[in-house]
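An overview of the molecular structure
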Amino acid sequence: MLATRSIQVCKYGRVFMQRRFLKSTAGLCTQNPAKRQQWSYLQGRSDTPLLGKTIGQLMLEQAEKHPDNEAFVFPHQNIRISFQDLLEQCDKLAAGFLALGIKKGDRVGMWGPNLAEWAITQFATARAGIILVNINPAYQVQELEYTLKKVGCKAVVAAERFKTQNYYEMLFDINHELAFSKPGELHSNRLPDLKHVIMLGEDDYPGTFRFQDVMEMGNKELRSEIENMQSDLQFDDAINIQFTSGTTGNPKGATLSHHNIVNNCYFGGKILEYDTKPASICVPVPLYHCFGMVLGCLSSVVHGSKVVFPAAGVEPGASLAAIQQEKCNSLYGTPTMFIDMLAHPSFDSFDLTSLNTGIMAGSPCPVEVMKQVVTRMHMKEVTIAYGTTENSPVTFMGFKDDPTDKKVSTIGHPYAHVETKVIDSNGKIVPRGQAGELCTRGYTTMLGYWEDKAKTDECIEPDGWYHTGDLAVLDEDGYGAIVGRIKDVVIRGGENIYPVEIEQYLYKHPSVEDVQVIGVPDDRMGEELCAYIRLKTGQEVTGEEIKAFCKGKMSHFKIPKYVLFIDAYPLTVTGKVQKFKLRKQALDDLELHHVMPHIERKQGMVDEI
């Protein structure tokens with residue numbers, strides 16, 4: 001095969017390679033179809049072209065078509081925002097940013113829980129060509145300082161507080177001069193690029209601007225400048241930085257464009273048929289996370305949907321109440337969020353009959369949980385989605401009319417316009433049905449990690465393939481299934497064991513509410529299995545009974561050696577179980593610190609968030 005190649009390197013560290021093939025290898029198609037090997041390579045087919053629009057252009061379109069329709073509802077703030085109001089408020093804030101000297105390409109951090117101001121900041125930065133930096137609401141001072149410094153944030157918009165976090169005090173901890181400076185005159189030795197701190201709320205904080213005051217700073221001339229910018233902004237421009245974290249290295253800033261996230265939201269909504277009928281979507285997922293910000297928040301301007309954020313944080317009761325009050329027909333969440341809603345003591349008192357669809361994503365979906373979501377929550381057309389922040393985020397998604405067995409056991413088909421392959425440790429594509437690392441390529445792939453070419457090159461090949469680090473299987477019908485993380489595979493006496501398989505079975509036990517299976521060190525076998533189980537309310541069961549439940553149903557080496565019970569799992573803000581913390585906890589619970597070297601020798605085992 002002959003080809004000409006042109007290579008271009010962008011500022012975010014990603015290497016782009018374009019190929020123009022001059023001659024095809026038709027000989028590959030001449031073999032007997034009956035003997036042809038079916039390889040683990042698929043591409044998402046679609047007759048619908050990609051959108052070539054910026055977020056700001058989509059905002060204007062919705063305001064012109066449906067000015068009075070509701071774009072957002074924040075029940076906990078008693079705030080409802082129409083598409084016309086959204087455009088006006090965002091342009092006011094965008095003009096205020098210009099008045100502060102923040103210009104196209106500058107970075108502005110947003111630090112806080114799910115508030116109306118979060119969404120306004122997201123769209124205001126998009127209208128001004130400013131790059132929004134999502135800051136985890138749970139970050140501590142050291143993590144916050146690293147994030148702001150890494151991407152050179154010129155301003156940060158911060159909530160007053162959330163749960164135990166006092167954001168102003170934490171910012172003061174980084175810069176002791178904050179309280180002694182005048183707003184707009186901030187000079188920090190530790191954060192030399194940070195010039196402005198903008199606080200939400202009505203209170204005045206020394207050295208900062210109030211959010212509402214910044215919205216009033218933009219005059220008519222600056223508002224006109226924002227409007228005129230829309231024809232100059234390009235859909236390939238960077239518009240968002242989202243940090244992905246690890247436990248053995250600093251967080252990495254995945255840099256995403258309008259094109260990345262607009263189209264990711266667009267094709268997900270098409271699968272859910274948002275383009276054919278109005279949608280009211282309940283989104284308890286945190287806005288700082290790609291799931292909440294892209295699939296949730298952007299559905300407003302991409303599809304004209306009403307998006308409901310039920311609470312500042314994840315509150316199962318508030319989510320159920322919002323579904324009932326707003327007659328939501330779609331619900332998003334991680335499996336843990338659905339589990340907590342189903343287990344809510346007042347679950348049966350809520351009217352959820354308006355629901356029929358939604359997205360479950362963020363971690364593998366337990367089969368038994370999915371069955372309850374379909375029956376007890378009326379979500380017969382619920383879908384499963386899979387992806388990573390670096391992929392904007394979705395690369396696989398099921399369809400509403402998928403067969404039940406596919407819906408509860410797979411992640412669906414490759415997303416529209418996305419290529420996927422499964423490879424072995426040598427980088428070779430494996431046959432269908434064989435496990436290997438999942439790789440993806442397409443419009444979804446990030447521009448790169450901000451100012452970190454080395455880390456970018458570790459996960460994105462010169463030809464554009466992104467390595468997910470997930471172990472997957474593609475079946476003969478083109479459905480994918482995640483069987484674990486490369487770092488999560490438990491190697492017991494030379495046997496590779498995938499925890500997801502064991503978790504799926506244990507969910508069938510009538511007393512089990514939730515279960516997480518991990519590997520723990522063992523002197524003889526290298527690793528043994530440990531199951532951390534959360535029981536349903538009022539249920540009692542012993543570890544021996546759990547093991548007996550497994551006996552005869554799975555290979556002996558897959559039966560957990562240790563069964564521990566737990567009231568609550570360590571979670572990320574997005575509701576994902578932090579297995580690396582469970583592993584550390586197991587060392588204490590089982591007194592296994594003396595065999596810690598086994599974990600250290602297993603590459604990447606504790607490098608997870």
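Refer to the structure above for everything that follows.
A brief report on the enclosed structure follows. (Residues numbered from 1 in each chain as written. Predicted model: local features only at pLDDT ≥ 70, side-chain atom pairs only at ≥ 80, totals over all residues. Heavy atoms only, no water.)

1. Digging into the overall build of the chain
Of regular secondary structure, the chain possesses 19 helices and 31 strands. Within the chain, counting contacts between residues at least 6 apart in sequence, those at least 24 apart form 70% of the total. Split by element, the accessible area of the chain, about 25,900 Å² in all, is 48% carbon and sulfur. (Helix = DSSP H or I, 4+ residues; strand = E, 2+ residues; numbered from the N terminus. Contact = heavy atoms within 4.5 Å. Areas by Shrake-Rupley, 256 points an atom, 1.4 Å probe, with all protein chains shown as cover.)

2. A closer look at the packing of aromatic side chains
Considering all chains together, one arrives at 12 aromatic pairs under this definition. When the ring of Trp111 is compared with that of Tyr167, the centres are 3.9 Å apart and the planes differ by 35°; the resulting orientation is tilted. With Trp111 in strand β6 (residues 107-111) and Tyr167 in helix α5 (residues 167-174), this pair connects stretches of sequence that are 56 residues apart. A relative accessible area of 0% means that Tyr167 is categorised as buried. Geometrically, the ring pair formed by Tyr386 and Phe396 is edge-to-face, given 6.3 Å between the ring centres and 70° between the ring planes. Linking Tyr386 in strand β19 (residues 381-387) with Phe396 in strand β20 (residues 394-397), this pair joins segments that are 10 residues apart in sequence. Grouping residues by exposure puts Tyr386 and Phe396 together as buried. An aromatic cluster is defined as three or more aromatic residues linked by ring pairs; in this entry it consists of Phe72, Phe74, Phe123 and Phe309. Looking at Lys252, its charged tip hangs above the ring of Tyr449, at a distance of 5.5 Å from the centre. (Phe/Tyr/Trp six-rings, centres within 6.5 Å; stacked < 30°, edge-to-face > 60°. Buried < 20%, exposed > 50% of the residue type's maximum accessible area, 1.4 Å probe, protein only. Lys NZ or Arg CZ within 6 Å of the ring centre and 35° of its normal.)

3. A short note on the pairing of strand β14 (residues 252-257)
Among the 6 residues of β14, 5 are classified as buried, and the element is accordingly described as predominantly covered. Note: strand β13 (residues 238-244) against β14, 6 bridges, orientation antiparallel. When the sheet's bridge partners are listed, Phe243 is paired in β14 with Gly253. Sheet topology places β14 next to strand β24 (residues 448-449); 2 bridges connect them, and they run antiparallel. When the bridges of β24 are listed, Thr255 appears paired with Gly448. (Pairing = 2+ DSSP bridges.)

4. Description of the sheet that holds β14
Here we have 8 strands laid out as an open sheet, ordered β12-β11-β8-β6-β7-β13-β14-β24, and mixed in their pairing. In the strand order of this sheet, the two ends are held by β12 (209-210) and β24, each with one partner. With 5 bridges joining them, β6 and strand β8 (residues 153-158) adopt parallel strand pairing. Looking at the pairing, Met110 lines up with Val157 of β8. Packed on one face of the sheet, helix α8 (residues 258-271) meets β13 and β14 and runs near 75° to β14. (Axes fitted to C-alpha atoms, helices over the stretch in contact; angles between N-to-C directions.)

5. Thoughts on helix α16 (residues 499-506)
With 7 of 8 residues buried, α16 lies mostly within the body of the structure. For α16, the complete set of buried residues consists of Pro499, Val500, Ile502, Glu503, Gln504, Tyr505 and Leu506.

6. A closer look at the pairing of strand β26 (residues 480-485)
Burial within β26 is extensive, with 5 of its 6 residues counted as buried. One ladder, built from 5 bridges, connects strand β25 (residues 466-474) with β26; its direction is antiparallel. Looking at β26, one finds that Ala472 is bridged to Ile482. Connecting the antiparallel pair β25 and β26 is a turn made up of 5 residues, with Gly478 showing a positive phi of about 90°.

7. Digging into the sheet that holds strand β3 (residues 41-43)
Hydrogen bonds between backbone groups are what pair the strands of a sheet, and the pairing can be parallel or antiparallel. Judged by pairing direction, the sheet is antiparallel, and its 5 strands sit side by side in the order β3-β22-β23-β25-β26 without closing on themselves. Strands at the two margins of the open sheet, each flanked by one partner only, are β3 and β26. Sheet twist, expressed as the mean angle between neighbouring strand axes with direction ignored, is 40°. As paired strands, strand β23 (residues 436-442) and β25 are joined by 4 bridges and run antiparallel to one another. Along β25, the bridge assignment pairs Thr440 with Tyr466.

8. Describing the nonpolar core
One broad rule of soluble globular proteins: the nonpolar side chains tend to lie buried together. Formed by 176 residues in total, the largest nonpolar core has its most connected members in Phe72, Trp111, Phe123, Tyr332 and Met377. No other element matches helix α2 (residues 83-99), which puts 9 residues into this core. Those residues in contact with Met377, other than ones at most four positions away along the chain, are Leu331, Phe338, Met341, Leu342, Phe347, Leu352, Leu355 and Gln372. In terms of nonpolar packing, the next biggest core, distinct from the first, is built from 15 residues, Leu564, Leu582, Leu587 and Leu590 among them. (Core = buried A, V, L, I, M, F, W, Y, C linked by side-chain atoms within 4.5 Å.)

9. Thoughts on the pattern of salt bridges
One pass over the full model with this rule turns up 31 salt bridges. Note that Lys306 and Glu70 form a salt bridge whose closest N and O atoms lie 3.9 Å from each other. Of the two residues, Lys306 sits in strand β16 (residues 306-308) while Glu70 sits in strand β4 (residues 70-74), which places them 236 residues apart along the sequence. Among the residues examined, Lys306 registers a relative accessible area of 16% and is labelled buried. Overall, the relative accessible area of 27% leaves Glu70 in the partly exposed class. The closest approach of N and O atoms between Lys455 and Glu458, which form a salt bridge, is 4.0 Å. Here Lys455 and its partner Glu458 are both found in helix α15 (residues 453-459), 3 residues apart, which amounts to about one turn of the helix. (Salt bridge = Lys/Arg side-chain N within 4 Å of Asp/Glu carboxyl O.)

10. What about helix α7 (residues 220-229)?
Along α7, the positions that sit buried rather than exposed are Leu222, Ile226 and Met229. Buried residues of α7, seen end-on, are gathered within an arc of 65° and therefore sit on one face of the element. Turned more than 90 degrees away from the buried face of α7, the exposed residues are Lys220, Glu221 and Asn228. In the core, the buried residues of α7 are packed alongside α2 and α3 (116-128). Between the side-chain oxygen at the start of α7 and the backbone nitrogen of Glu221 there is a gap of 3.2 Å, and the oxygen is on Asn219. (Arc of directions from axis to C-beta. Polar contact = N/O pair within 3.5 Å; in protein donor to acceptor, adjacent residues only side chain to side chain.)

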